[in-house]
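Survey of secondary and tertiary structure
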Amino acid sequence: MNERSYQNADEVIDLVDLLFYLLKRWKSFLVLLVIGALLGSGVCALKAVQTRNAKVAASQTEWSAAGYDIDDEVIVQMEMAAQYRKQYLEQLAYCQNSILMQLDPNSFYEGQLTWYISAGDDTNLAISRFRNIIKSDGILEELQAASGLDCESSYIEELLSASTSAELIDRAPEESKSGTDLYTYISDTGNGLGIIIKVVAPDEESCTQMLSVLREKAEDLDSECASSYEVYSSVKVSDSVQQTANSAYLTWQDKSLTRMYTYLTNEQKLEDAFTSTELDYYKHVYYTESLEETDVTAETGVAAEADADTEISLSFSGMKKYVLIGAVVGLFIWACWFGLSYLLDKSIRTYGEAKDCYRVPMLGRLAVDDRKARGIDGLIDSLYGRIKGSPDTIPYVISAINTIGDERTVLCGNIEYGEVQAVMQEFQKSCAQIEIEDFAGKSVHALERVKETGREILVVRIGKTKKAEIRRELEICRMQKIQVVGMVAIENI
């Protein structure tokens, strides 16, 4: 043995031992993890309060138009821009909510109800009453409820139409008027007229339900007319729902979208011509006024509430981020603290260190006690035992001591530790040649006893016996020509 080998012992780090050193301190890990998470959530809550207070302070700041000097010509441009903005918002609301704007022109359902009405001189009056079915009070709400469409009742009106056979024939191409279609049949049957009521819908079920409501209204009106007019006759010519296509709806959709983008483009062109000061004035005055003059105000209020809800949800999302950051910081502090504690520990940290670094035969490895840990501690001990091996028993170590000869031998260890003294006394009871003393480097009496016997066995307490004590002991033994015949390690397992 030489002093250089002792100095190299400090540089030996077993990563497995370091891992288990950290794992056995899992309770402190959980504590720091929770503390870090709580601190992270606290920081998030503090930032949220500061942000909210800043927004409240900003919202409470009074705005005054007195500080602005805007030319009359610019005011006119602002009023035009505000009008375009109003029209754009109205058109945007229409495009988003209208059923016609969502209709597929290549595939939708059309319900058609056609009656041939004849009432002599009152034919036109009767036809007008049938035409007004789609304009009667409460019909839109009734149709909306029957259809199940997710829209306001006002948008149902666009799905309805009523026309007479004469109007259809006048609008039809010349070549179709000479055919034998329905319109020709109606035009050739005397003084009567046909009334065609149509309803369109994106699906068959909605179309069928709305047509049934119109059919019921038409049948009630037919009974009423039969009793009101002296000369009255009616024939139901058609009553059907079929899937169809019509490019006219596509043209209508294109025009509506083009109109919306035209309003937006005109507004943006006018706004681009404003200076930053004029634009600030415009937004404070005309943005608010243009919204108050339209029904979009209510929608904006809903949007503001949605923005508030979004802000709350974002704050919760931010809190998750801060909690995670706090937990990671807690983990980092825990790892640094105990990692440094392990590296700066001046004691013999692990059994592997005692066995490999001092070139002394290892006679055995004993546990502090036989109590088995439970839960996570028990799981860690079990895993550690599988990797490092199970501890030895006292009878095994006694047998190992007896194999090194019957000469007097002194057990030297930290007798101030109760577990070390108990183990040494147990060895002394079973081995007549064994004597017990403190380290020779700490006691003159112990040094004299060791010099008399010339043999020594070191007993080290893992985690408590200092490396300097072992080095001093080995150096004294080398100088006094005392033979160190072995080492016994005691550790927490």
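Here the structure is shown first, and the text comes after it.
Residues numbered from 1 in each chain as written. Predicted model: local features only at pLDDT ≥ 70, side-chain atom pairs only at ≥ 80, totals over all residues. Heavy atoms only, no water.

We now examine a nonpolar patch on the surface. Nonpolar side chains collect at one region of the surface, where I325, V329, F332 and I333 lie side by side and expose about 380 Å² of accessible area between them. With respect to the secondary-structure elements, I333 resides in helix α14 (residues 296-344). A residue is classified by how much of its surface remains accessible, and I333, at 46% relative accessible area, is partly exposed. (Patch = residues over 30% accessible without salt bridge, like charges linked within 9 Å, V, L, I, M, F, W, Y side chains within 5 Å. Areas by Shrake-Rupley, 256 points an atom, 1.4 Å probe, with all protein chains shown as cover. Salt bridge = Lys/Arg side-chain N within 4 Å of Asp/Glu carboxyl O. Helix = DSSP H or I, 4+ residues; strand = E, 2+ residues; numbered from the N terminus. Buried < 20%, exposed > 50% of the residue type's maximum accessible area, 1.4 Å probe, protein only.)

Ranked by internal contacts, the top residues of the largest apolar core, which has 49 residues, are F130 and L214. Considering each element in turn, this core owes the most residues, eight residues, to helix α11 (residues 204-228). Discounting residues that sit within four places of it in the chain, F130 has contacts with W115, I117, I195, I197, A218, L221, D222, C225 and Y232. Within the second largest apolar cluster, 21 residues are counted, among which are C412, F439, V450 and L458. (Core = buried A, V, L, I, M, F, W, Y, C linked by side-chain atoms within 4.5 Å. Contact = heavy atoms within 4.5 Å.)

Moving on, we come to the packing of helix α2 (residues 15-23) against helix α16 (residues 375-388). α16 packs onto α2 with a crossing angle of 170° between their chain directions and a minimal axis gap of 11 Å. Our classification of the angle between α2 and α16 gives roughly antiparallel. Between α2 and α16, the residues in contact are V16, D17, F20 and L23 and I380, L383, Y384, I387 and K388, respectively. Per-class residue counts for the contact of α2 with α16 are seven nonpolar, no polar and two charged. (Axes fitted to C-alpha atoms, helices over the stretch in contact; angles between N-to-C directions. Parallel < 35°, antiparallel > 145°, perpendicular 65-115°, else oblique. Nonpolar A, V, L, I, M, F, W, Y, C, P; charged D, E, K, R; others polar.)

A word on the side chain of S256. With respect to the helices and strands, S256 occurs in helix α12 (residues 247-272). Excluding anything up to four places from it in sequence, S256 contacts Q91, Y94, C95 and M101.

Attention now moves to the sheet that holds strand β7 (residues 434-437). In space, the five strands of this open sheet follow the order β5-β9-β8-β6-β7, with parallel pairing throughout. Only two strands of the sheet have a single partner each, and these edge strands are β5 (362-367) and β7. The mean angle between the axes of side-by-side strands here comes to 25°, regardless of whether they run parallel or antiparallel. Bridging between strand β6 (residues 409-413) and strand β8 (residues 455-461) involves four bridges; their strand directions are parallel. Counterpart to V410 in the pairing with β8 is E456. Across the sheet, helix α18 (residues 418-430) lies against β5, β6, β7, β8 and β9 (483-491), angled at about 160° from β7, the strand it touches most. Each of β6, β8 and β9 touches helix α20 (residues 467-479); the most contacted strand, β8, lies at about 175° to it. (Pairing = 2+ DSSP bridges.)

Attention shifts here to the pattern of salt bridges. Considering all chains together, one arrives at 20 salt bridges under this definition. Of the charged contacts, one joins R455 and E407 as a salt bridge, the two residues approaching to 3.9 Å between their closest N and O atoms. In this pair, R455 sits in strand β8 while E407 sits in the loop between α17 (394-402) and β6, placing the two residues 48 residues apart along the sequence. Residue E407 is classed as partly exposed on the basis of its relative accessible area, which comes to 43%. Note that E419 is salt-bridged to K464, the shortest N-O span being 3.3 Å. With E419 in helix α18 and K464 in the loop between β8 and α20, the pair connects residues that are 45 residues apart, well separated along the chain. When salt bridges with common partners are traced through the structure, they connect R408, E435, E437, R449 and E452 into a single cluster.

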